[in-house]
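# Summary of the model geometry
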Amino acid sequence: MMSLDVLTVVGARPQFVKAYPVSRALRERHEETLVHTGQHYDELLSDVFFEELALPTPDYHLEVGSAPHAQQQATMMRRLDHVVAAEEPDAVLVYGDTNSTLAAALVAAKRGPAVVHVEAGLRSDNWEMPEEVNRVLTDHCADVCCAPSERAVENLRAEGITEGVSLTGDVMYDAVLAVRERAREQSKVLADLGVAPGEFVLATVHRAANTDDPDRLVEVVDGLLGVSLPVVLPAHPRTVAALHEHGLYERASACLHLCDPLGYLDFVRLVETAARVATDSGGVQKEAFYLETPCVTLRDETEWTETVNCGWNTLVGADAGEIVRALEAPFEASDHPPVYGDGDAATRVVDAVSELESGVHARP
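Residues numbered from 1 in each chain as written. Predicted model: local features only at pLDDT ≥ 70, side-chain atom pairs only at ≥ 80, totals over all residues. Heavy atoms only, no water.

A surface patch of negative charge is lined by Asp5, Glu31, Asp59, Glu87 and Asp90. The residue glutamate 87 is located in helix H3 (residues 69-87) in this model. Looking at glutamate 87, the relative accessible area reads 32%, which means it is partly exposed. (Patch = residues over 30% accessible without salt bridge, like charges linked within 9 Å, V, L, I, M, F, W, Y side chains within 5 Å. Areas by Shrake-Rupley, 256 points an atom, 1.4 Å probe, with all protein chains shown as cover. Salt bridge = Lys/Arg side-chain N within 4 Å of Asp/Glu carboxyl O. Lys, Arg positive; Asp, Glu negative; His and termini not counted. Charge placed at Lys NZ, Arg CZ, Asp CG, Glu CD. Helix = DSSP H or I, 4+ residues; strand = E, 2+ residues; numbered from the N terminus. Buried < 20%, exposed > 50% of the residue type's maximum accessible area, 1.4 Å probe, protein only.)

As a further point, take the packing of aromatic side chains. Counting across every chain of the model gives 7 aromatic pairs. On the numbers, 6.0 Å between centres and 85° between planes, the contact of phenylalanine 289 with tyrosine 340 is edge-to-face. Of the two residues, phenylalanine 289 sits in helix H14 (residues 282-290) while tyrosine 340 sits in the loop between helix H16 (320-328) and helix H17 (345-354), which places them 51 residues apart along the sequence. Look at phenylalanine 289 and you get buried, because its relative accessible area is 3%. The exposure class assigned to tyrosine 340 is buried, which follows from its relative accessible area of 2%. In this structure an aromatic cluster arises from ring pairing among Tyr173, Phe289, Tyr290, Trp304 and Tyr340. The ring of phenylalanine 267 has arginine 13 sitting right over it, with the charged end atom 5.0 Å from the ring centre. Residue placement shows arginine 24 over the ring face of tyrosine 20; its charged tip is 4.7 Å from the ring centre. (Phe/Tyr/Trp six-rings, centres within 6.5 Å; stacked < 30°, edge-to-face > 60°. Lys NZ or Arg CZ within 6 Å of the ring centre and 35° of its normal.)

A word on the pairing of strand S8 (residues 201-204). Here S8 shows a buried face lined by Val201 and Ala203 and a second buried face lined by Leu202 and Thr204. With 2 bridges joining them, S8 and strand S9 (residues 231-234) adopt parallel strand pairing. When the bridges of S9 are listed, valine 201 appears paired with valine 231. As paired elements, S8 and strand S11 (residues 276-279) share 4 bridges and run parallel to each other. Residue pairing across strands places threonine 204 opposite threonine 279, the latter belonging to S11. (Pairing = 2+ DSSP bridges.)

Moving on to the sheet that holds S9. Strand order in the open sheet formed by 6 strands is S10-S9-S8-S11-S12-S13, with parallel pairing between adjacent strands. Since the sheet does not close on itself, it has two edges, and those belong to strand S10 (257-259) and strand S13 (313-315), each with one partner. Each strand of the sheet is rotated relative to its neighbour by a mean of 20°, with strand direction disregarded. The strands touched by H14 within the sheet are S8, S11, strand S12 (295-297) and S13, with S11 carrying the most contacts at an inclination of about 165°. (Axes fitted to C-alpha atoms, helices over the stretch in contact; angles between N-to-C directions. Contact = heavy atoms within 4.5 Å.)

What the 7 strands build is an open sheet, ordered S3-S2-S1-S4-S5-S6-S7; its pairing is parallel. Strands at the two margins of the open sheet, each flanked by one partner only, are strand S3 (60-61) and strand S7 (165-167). Two strands pair when backbone bridges link them, and strand S1 (residues 5-10) and strand S2 (residues 31-36) are joined in this way by 6 bridges, in the parallel orientation. Among the inter-strand pairings, leucine 7 is bridged to a residue of S2, identified as threonine 33. Lying on the sheet, helix H4 (residues 99-111) is in contact with S1, strand S4 (91-95) and strand S5 (114-118); it crosses S4 at an angle near 160°.

What follows is about the nonpolar core. Membership of the largest hydrophobic core comes to 90 residues, with the highest contact counts inside it found for Leu80, Leu93, Leu202, Tyr264 and Leu270. By residue number, the principal contributor to this core is helix H1 (residues 13-26), which donates 7 residues. When neighbours within four sequence positions are excluded, leucine 80 is seen to be in contact with Val9, Val35, Leu62, Ala103, Ala104 and Val107. Judged by nonpolar contacts, the second largest core, of 23 residues, contains Leu217, Val227, Leu233 and Ala318. (Core = buried A, V, L, I, M, F, W, Y, C linked by side-chain atoms within 4.5 Å.)

In this structure, threonine 98 sits in the loop between S4 and H4. From its side chain, threonine 98 meets the backbone nitrogen of serine 100 in a polar contact 3.2 Å long. (Polar contact = N/O pair within 3.5 Å; in protein donor to acceptor, adjacent residues only side chain to side chain.)

This is the structure in structure tokens:
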């Protein structure tokens, strides 16, 4: 079997988690060069994940940092272009739907290496979401689309993408399964926060649609404050800044368990032991589903529709009353179908990469 040179691009917390199982499987069969764009550069959103998950040290750190979307993307593309030119990889592998994802896909599409998109085919059908723009354009650049579910495959087919599509399952399920026992044994986060299993709500709020809109942010905060159980809120820097900007920080910090962003082991432990999860994160919706914790999503739509359809996830938008009702309603779902695979998605991703060995792009 011919070994390929694969350049993997990551830049944000969810991508570090996804790279954890894939990089291990990939390096058993191919050569990998790891690039960190620096989209998430805070130690609590970046370095701690590399340490806890024993991810390889990035071969390149582009140190892009924060900026408006177009400016950040342009900086990423300029720096990634130099890397791709120097490394001449056979394939560029990208994850998810961040600015790092699209920047790398566009550079690779221009430079010539095959583009492999892990987590392809997801759609929220909300073109106002930057993530929706990123994921759709990346799929149409990609030579290999690794879809996490049958619905994702159908979405790709509806857009005319049928060649180079592999149903792999979701690599985040691999990651959760790999660390769950270690989190149970090593994490002391419950004691540190003074909460008991099954007696708290875990919340995350970071999407610009919620943090940048004062009306939505007020509704979200009011909803979380209205819950009878204690609410633990690991606060993304964007969320902290928004709470201060809109005069909500003192009220929120007085009544919620605000804490810094957490490492992956601590976070998995909190998701597994929470009575409910309230989030606007796509990744956290899945983590809750995999750990069988009912989820309430603080958005009007989700790309992870299967979690809603089988009763483990409830969409409430940014409405305080709906948030409280959903978080305190009796949980009724009984079935927990394996809609995102069996925990062996990383191997299937590497199988899909290996099919590029002929050097021919999967799609013209």
